[in-house]
Amino acid sequence: MLSLLMLNLGMVLSPADPPPTTPAPAAPVPPGVAVDTNTGAKIDFATPIYDFGKVKGGDPVKYTYYFTNSGTEVLEVKAVQPSCGCTTAGEFSKKVEPGKTGTIPIQFNSANFNGQVFKTITVTSSAKNSPTTVLQLKGTIWKAIELVPAYTVLNIPPDAQSGSATVRITNNVEEALHLFAPTSSNPAFSAELITNSPGKGFELTILGKKPLQTGTMNGQITLKTSSTNTPSLTVPFWANVQAPLMVFPAVITLQPALTNKLTSSITIQNNSTNQLTVSEAEINIPGVELQMKEMTPGRVFSAQLVFPEGFKIPQGKDILFTAKSSNPDYPVIRVPIRQLDRPTSPPAVPPAPAAAAPRAQVVR
């Protein structure tokens, strides 16, 4: 028995058995060495770029992107975000098991497009290899009847007696197209139609004649056609009629109390072809410094108004900056100067009277 005990003790304390050791920590991954992404979820698209070719304007473009989870964990698709409102995503696969396939249906509305288009769809997921994937949708939109430009703008200088813009109308179908006399929704504008290629190509010239109000005007030209699909054609237009003289700001507004000296500027811009002179600039209240500068000879002028600290417009007094102009249509330039009222404090509410202390009762 004693010999057996000594044998067991010798087996435990034998120097041939080394003491247990803790495993060494894993060495860090050197820079530039790729990390294995086979573990976890992984997303792979069959066709990340879809070219739909050429479609007629107004026809919807529908496509379904297919992807596979080639990883080892469940893939979660968190969001699908198209780049604009013209593209929408349908019900897409939210969770995809390893080795399975998911779908992302997309629809693009081509109604307001012409020519080449390029859209993107951003997919956010739990994929280790590509947490954010950008899908692409591209192609060409064509219209049976094409307008170039699609939006027509007339820029009319102040000295011009008229302004015009030309729109090219092209028939892209085999059937010959006939256009009839154009009509304008705005009586200040008219239109003339010329046929360049019978049944195929036309030129529409939009004309605006003085007198026209300065600023922005709009309207549309309507043409009846021989097309059964497009029985009438509408050509919208905008006109920018420049004023001979522009003054900005139109009004100077001051704060109720000027805690510091304040400098305000007034710019006078001459859009006419004739040179402009500005003279006798003044402000009808004392204490305000005024300095005129001709920034561009005959074209741009600047008035610097310096209001002193504590400046206050007297109650009921109208303050104006004025200057004489050599433009006969604008002989006097006027810019009102106003000051905001100081906010009034709400009336003080008297404190509520303290409740009377209850009287002590004497029990007899």
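Here, the structure is the one placed above.
Attention in this report is confined to the structure presented alongside it. Just so it is clear, the structure is predicted and the values come from calculations on it, not from any experiment.

Within the structure shown, the criterion is met by 1 disulfide. Note that C84 is cross-linked by a disulfide to C86, the S-S spacing being 2.3 Å. Judged by relative accessible area, C84 falls into the partly exposed class, the value being 26%. Exposure remark for C86: the relative accessible area of 15% places this residue in the buried category.

Before going further, it helps to spend a moment on the nonpolar core. Membership of the largest hydrophobic core comes to 24 residues, with the highest contact counts inside it found for F45, F52, Y65, F67, I104 and F108. Within the residue set of this core, elements represented by two or more residues are β1 (43–45), β2 (49–56), β3 (60–69), β4 (75–82), β7 (101–109), β8 (115–125) and β9 (132–142). With residues up to four places along the chain from it excluded, the contact list for F108 reads F52, D59, P60, V61, C86, T87, F113, V117, K119, L137 and I141.

Here we take up the sheet that holds strand β15 (residues 201–209). The strand order across the open sheet built from 4 strands is β10-β12-β15-β14, with neighbouring strands paired in antiparallel fashion. With one partner strand each, in any of the chains shown, β10 (145–148) and β14 (189–197) form the two edges of the open sheet. Taken over all neighbouring pairs, the strand axes of this sheet differ in orientation by 25° on average, direction set aside. With 4 bridges joining them, β10 and strand β12 (residues 162–171) adopt antiparallel strand pairing. Residue pairing across strands places L147 opposite I169, the latter belonging to β12.

Working definition: the strands of a sheet are paired by backbone hydrogen bonds and lie parallel or antiparallel to each other. With respect to topology, 4 strands assemble into an open sheet ordered β1-β3-β7-β5, the strand pairing being antiparallel. Because the sheet does not close on itself, it has two edges, and the strands there are β1 and β5 (87–89). Direction aside, the axes of adjacent strands within the sheet are offset by 30° on average. Sheet analysis places β3 next to β7, joined by 9 bridges and oriented antiparallel. Paired with T64 across the strands is P105, a residue of β7.

In terms of burial, β15 is a largely internal element, 7 of the 9 residues being buried. Of the pairings in the sheet, the one linking β12 to β15 comprises 9 bridges and is antiparallel in character. Across the sheet, S162 pairs through a bridge with K209, a residue of β15. Examined bridge by bridge, β14 and β15 share 8 bridges and lie antiparallel to one another. Bridging from a neighbouring strand, F189 pairs with G208 of β15. Connecting the antiparallel pair β14 and β15 is a turn made up of 3 residues, with G199 showing a positive phi of about 80°.

The rules behind these values
Just so you know, the residues in each chain are numbered from 1, in the order the chain's sequence is written. In view of the model being predicted, local features appear only for residues whose pLDDT reaches at least 70, and side-chain atom pairs are presented and counted only at 80 or more, with totals across whole chains, interfaces and linings using the full set of residues. Think of the side-chain values as coming from all heavy atoms in the structure, minus any hydrogens and water. Throughout, disulfides are identified as pairs of cysteine sulfur atoms within 2.5 Å of each other. Buried residues are those whose accessible area, probed at 1.4 Å on protein chains only, stays under 20% of the maximum for their type, while exposed residues exceed 50% and partly exposed ones sit between those limits. Put simply, a nonpolar core is a bunch of buried Ala, Val, Leu, Ile, Met, Phe, Trp, Tyr and Cys residues held in one set by side-chain atoms that sit within 4.5 Å of each other. In this description a helix means any DSSP run of H or I spanning at least four residues, a strand means any run of E spanning at least two, and both kinds are numbered starting from the N terminus. Contacts are assigned to residue pairs that have any heavy atoms within 4.5 Å of one another. Following DSSP output, two strands are said to pair if at least two bridges run between them. Helix axes use the C-alpha atoms of the stretch in contact, all axes being lines fitted to C-alpha atoms, and the angles between their N-to-C directions lie in the range 0 to 180 degrees.

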